[in-house]
Amino acid sequence: DDHHWVRAWFYWLKDTEGALDLARNIDGGVYREVSISWRYKTATCNICHEDIRKCPHIPGDYYSGELCFYEMSEIQEVLEGSLVFKGGQIGTSIDGER
């Protein structure tokens, strides 16, 4: 497998204002996935292998039975991470306490 994964850890002080509500929202499924943003140098289409700015394909659509996606490479910096109800990337999740 030629893919890379991102795992991020964060913490909050359990005895601070809002910490109990945050934990309840996670346990209750209000926040159940994550979303991240990053800077990258290149992104190419897996169908035509062109730069995404020149590519006519739409991520998530199928072409000749193959799912289209953009592959980012040369990640420069992770900018932020957010707890969300439903993220843009399938398969993200919030894991339990370490």
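Everything quoted here is computed from the prediction, not taken from an experiment.

Participant: Looking at this structure, how should I read the overall build of the protein?
Facilitator: From N to C terminus, the protein includes one helix and four strands. The N-to-C order of helical and strand elements in the protein reads α-β-β-β-β. The C-alpha atoms of the protein give a radius of gyration of 17 Å, which is well past the 13 Å a tight globule of 98 residues would have. Overall, the C-alpha framework of the protein stretches about 50 × 30 × 25 Å when taken along its three principal axes. Every one of the 98 residues in the protein was classed for burial, and the buried ones make up 11%. Considering only contacts in the protein between residues 6 or more positions apart, those separated by 24 or more positions represent 64%. Carbon together with sulfur atoms contributes 51% to the accessible area of the protein, which is approximately 8,400 Å² in total. Between the averaged position of the 10 positive side-chain charges in the protein and that of its 17 negative side-chain charges there is a distance of 2 Å.

Participant: Help me understand a nonpolar patch on the surface, please; the structure alone is not making it clear to me.
Facilitator: Taken together, the side chains of Val6, Ile36, Tyr40, Met72, Ile75 and Val78 define a hydrophobic patch exposed on the protein surface, amounting to about 490 Å² of accessible area. Mapped by element, the contributors of at least two residues to the nonpolar patch are β1 (33-45) and β4 (70-84). Ranked by residue count, the leading element in the nonpolar patch is β4, at three residues. Within the fold, Ile75 resides in strand β4.

Participant: Explain the pattern of salt bridges here, please?
Facilitator: Charged atoms that come close allow side chains of opposite charge to pair. Applying the stated criterion across every chain, the model contains three salt bridges. Between Asp21 and Arg24 there is a salt bridge, with its nearest N and O atoms 3.9 Å apart. Here Asp21 and its partner Arg24 are both found in helix α1 (residues 19-27), three residues apart, which amounts to about one turn of the helix. On the basis of relative accessible area, Arg24 is assigned to the exposed category, the value being 53%. For the salt bridge of Arg39 with Glu77, the shortest nitrogen-to-oxygen distance reads 3.0 Å.

Participant: Help me understand the environment of Ile75 in this model?
Facilitator: On the basis of relative accessibility, which here comes to 43%, the residue Ile75 falls in the partly exposed class. Through-space distance from the C-alpha of Ile75 to that of Arg53 is 17 Å; in sequence the pair is 22 residues apart.

Definitions and cut-offs
Residue numbers restart at each chain and count upward from 1, following the sequence in its written direction. Totals for whole chains, interfaces and linings use every residue, but because this is a predicted model, local features are given only for residues with pLDDT of at least 70 and side-chain atom pairs only at 80 or more, for both listing and counting. Excluded from the side-chain calculation are hydrogens and water; included are all heavy atoms of the structure. Secondary structure follows DSSP: runs of H or I at least 4 residues long count as helices, runs of E at least 2 residues long count as strands, and numbering of each begins at the N terminus. With C-alpha atoms as the basis for the radius of gyration, the globule rule is written as 2.2 Å multiplied by the number of residues raised to the power 0.38. Exposure is judged per residue with a 1.4 Å probe applied to protein chains only, and the accessible area is read against the type maximum: over 50% gives exposed, under 20% gives buried, and values in between give partly exposed. In this description, contact between two residues means that some pair of their heavy atoms is separated by no more than 4.5 Å. Note that accessible areas follow from Shrake-Rupley with a 1.4 Å probe, and for residues the cover is restricted to the protein chains shown. Only four residue types enter the charge count: Lys and Arg as positive, Asp and Glu as negative, with His and the chain ends excluded. Charge positions come from single atoms, namely NZ of Lys, CZ of Arg, CG of Asp or CD of Glu. Here, patches come from residues exposed beyond 30% relative accessible area and free of salt bridges, joined within 9 Å for like charges and within 5 Å for nonpolar side chains (Val, Leu, Ile, Met, Phe, Trp, Tyr). The salt bridge definition used is simple: a Lys or Arg side-chain nitrogen within 4 Å of an Asp or Glu carboxyl oxygen.

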